[in-house]
Amino acid sequence: MFYAIMGTDREDSLEARMQARPEHLERIKQLQSEGRLLMAGPHPAIDSEDPGPAGFSGSLIVAEFPSLDAAKAWADADPYTQTGVFSQISVKPFKKVLP
């Protein structure tokens, strides 16, 4: 089943986000190589694809996991969680309907 992992960034997270980003992306690329990633990306803090110093307000990852507990464990082990980039994480089942 798919699960939506929604992380909310803490205030002034941009520097910490950039430092943890390579390791974070490697984990997401692993999901992709396993055919489990539906989509992933950050939420710009402003209405722009390149928010510059405004940074990001969070991220969304939708991927397949064997259970809700497994999705939560994956999110808890993410570098953005471990380094404090995310101040909050929500993990919910996700049912893909379209496209």
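Residues numbered from 1 in each chain as written. Predicted model: local features only at pLDDT ≥ 70, side-chain atom pairs only at ≥ 80, totals over all residues. Heavy atoms only, no water.

1. A few points about the overall build of the protein chain
Defined as follows: By definition, any uninterrupted DSSP run of H or I lasting at least four residues is a helix, any uninterrupted run of E lasting at least two residues is a strand, and each is numbered from the N terminus. We compute the radius of gyration from the C-alpha atoms alone; for a globule the expected value is 2.2 Å times N to the 0.38, where N is the number of residues. Pairs of residues are marked as contacts when any of their non-hydrogen atoms sit within 4.5 Å. None of His or the chain ends enter the tally, which takes Lys and Arg as positive and Asp and Glu as negative. One atom stands in for each charge, and that atom is NZ of Lys, CZ of Arg, CG of Asp or CD of Glu.
Tallying secondary structure elements over the protein chain gives 3 helices and 4 strands in all. Order of helices (α) and strands (β) in the protein chain, N terminus to C terminus: β-α-β-β-α-α-β. The C-alpha atoms of the protein chain give 13 Å as radius of gyration, which agrees with the globular expectation for 99 residues (13 Å, within 12%). Seen along its three principal axes, the alpha-carbon backbone of the protein chain occupies a region of about 35 × 30 × 25 Å. Sequence-distant contacts, at least 24 apart, represent 72% of the contacts inside the protein chain between residues at least 6 apart. The average position of the 10 basic charges and that of the 14 acidic charges among the side chains of the protein chain differ by 7 Å.

2. Regarding the nonpolar core
Worth spelling out the cut-off: As used in this record, nonpolar core signifies buried Ala, Val, Leu, Ile, Met, Phe, Trp, Tyr and Cys residues forming a set joined through side-chain atoms within 4.5 Å. Each residue gets one of three labels from its accessible area relative to the maximum for its type: buried under 20%, exposed over 50%, partly exposed in between, using a 1.4 Å probe on protein chains only.
Counting residues in hydrophobic clusters, the biggest one holds 11 residues: Tyr3, Ile5, Ile28, Leu31, Ile61, Ala63, Phe65, Ala71, Trp74, Ala75 and Val91. Contributions of two or more residues to this core are made by strand S1 (2-9), helix H1 (14-33), strand S3 (56-64) and helix H2 (68-76). In terms of residues, this core owes the most to one element, H2, which gives 3 residues. Setting aside anything within four residues of it in sequence, one finds isoleucine 5 in contact with Ser59, Leu60, Ile61, Phe65, Ala71, Trp74, Ala75, Ile89, Ser90 and Val91.

3. Quick word on the side chain of aspartate 78
This is how the line gets drawn: Counting of polar contacts relies on pairs of N or O atoms within 3.5 Å, with two restrictions inside protein: one atom must be capable of donating a hydrogen and the other of accepting it, and residues adjacent in sequence are counted only when both atoms are side-chain atoms.
When you line up the elements, aspartate 78 lands in the loop between H2 and helix H3 (79-82). Using a relative accessible area of 1% as the deciding quantity, one classes aspartate 78 as buried. A distance of 2.9 Å separates a polar atom in the side chain of aspartate 78 from a polar atom in the side chain of histidine 24. Setting aside residues no more than four positions away along its own chain, aspartate 78 makes contact with His24, Arg27 and Phe86.

4. Looking at the packing of aromatic side chains
Our working rule: Only the six-membered ring of Trp is used, alongside the rings of Phe and Tyr, when aromatic pairs are assigned; centres must lie within 6.5 Å, and planes under 30 degrees apart are stacked while those over 60 apart are edge-to-face, with the rest tilted.
Under the criterion given, the structure shown has 3 aromatic pairs. When the centroid spacing of 5.9 Å and the interplanar angle of 55° are considered together, the rings of phenylalanine 65 and tryptophan 74 count as tilted. With relative accessibility at 4%, the residue phenylalanine 65 sits in the buried group. Among the residues examined, tryptophan 74 registers a relative accessible area of 13% and is labelled buried. Among the aromatic residues, ring-to-ring pairing joins Tyr3, Phe65 and Trp74 into one connected group.

Nothing here speaks to function; it is all geometry.
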